[in-house]
Amino acid sequence: MENEKAILFYYEGQDEKTFLSGSRDDCNQPYADLRDYLSTIGVKFEMTPRRPLEKYMYICFYNMFSVRAFNLRSGLKRTVSRFLRGEGCQSLYQRCLKKGLEDKMVLFLSEPESVVPENYPVNDHRNFRYVFTWSTKLLNYDQNRYKTFTIPAHFSSNVSHNIDFANKKLLVDISGNKCSKHPRQLYSARRSDIQFFERNIPNHFDLYGFGWGDKRSYDKHSYTSYRGIVESKKEVLQRYKFALCYENILEESNYISNRIFDIFAAGCVPIYWGGRYISEFVWPSTFVNRADFRSCEDLVKYIVSMNERQHTSYLNDIQNYLTSSNAKQFGSKAFFENFARTLQLK
């Protein structure tokens, strides 16, 4: 271990077993692929410190919630957990700074400002050698510190065709019921559309995910379409013709989460809402663009009237897109090669 090359990839509350092997539908497979690729070039991938911090080539933090707690309760819980593990009371970030390891510190920003606003104050990035981000605003701010990062997705080129068109239900949404004060958040728009579907197509719409079964301070609605939490997105999505695919923020340049690829893989057509930039990365013929419809009523008319031939055309284009160079930029290979190239690991 003395001369072994290693990288620490730190995600608060996660380890190799829970993050790499325990994710639903293998959504974290790109990071397992990163681990496997690093192994081929003689670099060990670790998610919990197993050696003195100064022995790591780089120490990567996954979003700012892995750097510090955002409230007192969370901070106390983390401190107690560290103490019980025998790590002392200081956070990993604090220990790195104390040892003067700024040249080894790397930050990954995957979540948008509507989800983790703490990701974006640039003063909080000053102690990191590199910050991987999809944000064009940050990339243009300082190209020496900020490096391009596309959120990787786990998908194959084979689209599921297990259920015939006639046997599929119309529409589904799998998401969490969350809120945000950000002016471009899409959580409230998602709730509004879901409530419309419940009122107008109650027998053709189902809702899954966290937070919909209990009333929230920001949402007192009782969701009659709620069907519970899913163990496998793919197994549920493949039973529907269409699935809502609303990002957590509107018009955030270059931000594309992996949810559209989850829907593609299940042989389901996404109803996408995020930003106009989507067509620069994903073929417009592979999804229904919610922004093209003035109202939910117009959207429902469109999807209800779609016949099998039209729906199959979407699925064929999805299949072709997933084998294209456009899609490859979201795959594991592009992710781990960019990581290794930027950190000059080879």
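Residues numbered from 1 in each chain as written. Predicted model: local features only at pLDDT ≥ 70, side-chain atom pairs only at ≥ 80, totals over all residues. Heavy atoms only, no water.

Our focus in this paragraph is the pairing of strand β10 (residues 269-273). Successive residues of a regular strand alternate their side chains across the two faces of the sheet. Most of β10 sits inside the fold, with five of its five residues counted as buried. Side chains Val269, Ile271 and Trp273 project from β10 onto one buried face, and the interleaved Pro270 and Tyr272 project onto a second face that is buried too. In this structure, strand β9 (residues 240-246) lies alongside β10, joined through five bridges in parallel fashion. Across the sheet, tyrosine 246 pairs through a bridge with tryptophan 273, a residue of β10. Sheet analysis places β10 next to strand β11 (residues 288-289), joined by two bridges and oriented parallel. In the strand pairing of β11, isoleucine 271 is matched with valine 288. (Buried < 20%, exposed > 50% of the residue type's maximum accessible area, 1.4 Å probe, protein only. Helix = DSSP H or I, 4+ residues; strand = E, 2+ residues; numbered from the N terminus. Pairing = 2+ DSSP bridges.)

So, on to the packing of helix α6 (residues 187-200) against helix α9 (residues 296-305). Contact pair α6 / α9: the axes reach a minimum separation of 10 Å and the direction vectors enclose 60°. Judged on the interaxial angle alone, α9 and α6 are oblique. Handedness of the crossing formed by α6 with α9: right-handed. From α6, Asp193, Phe196 and Phe197 reach across to α9, where they touch Cys296, Glu297, Leu299 and Val300. (Axes fitted to C-alpha atoms, helices over the stretch in contact; angles between N-to-C directions. Parallel < 35°, antiparallel > 145°, perpendicular 65-115°, else oblique. Left-handed = near helix turned anticlockwise from the far one by under 90°. Contact = heavy atoms within 4.5 Å.)

Our focus in this paragraph is helix α3 (residues 72-84). Helix length check: α3 (13 residues) gives 18 Å between terminal C-alpha atoms against 18 Å at 1.5 Å per residue, within 8%. All of the buried residues in α3 are Gly75, Arg78 and Arg82. Down the axis, α3 shows its buried residues gathered within 65° of arc, on one side only. Pointing more than 90 degrees away from the buried face of α3 are the exposed residues Leu72, Arg73, Leu76, Lys77, Phe83 and Leu84. Each element contacted by the buried residues of α3 is listed here: α4 (92-98). Residue asparagine 71 occupies the N-cap position of α3, its side-chain oxygen lying 3.3 Å from the main-chain nitrogen of arginine 73. Among the residues trailing α3, glycine 86 stands out with phi positive, at a value near 80°. (Expected span 1.5 Å × (residues − 1). Arc of directions from axis to C-beta. Polar contact = N/O pair within 3.5 Å; in protein donor to acceptor, adjacent residues only side chain to side chain.)

The next thing to look at is unusual backbone geometry. With phi around 55°, aspartate 26 is a residue other than glycine that occupies positive phi space. Take aspartate 26: it is sitting in the loop between α1 (16-21) and α2 (29-40). Phi is positive for glutamate 251, close to 55°, though the residue is something other than glycine. Relative accessible area serves as the criterion here: at 31%, glutamate 251 is assigned to the partly exposed category.

Don't take any of this as a statement about function, it's just geometry.
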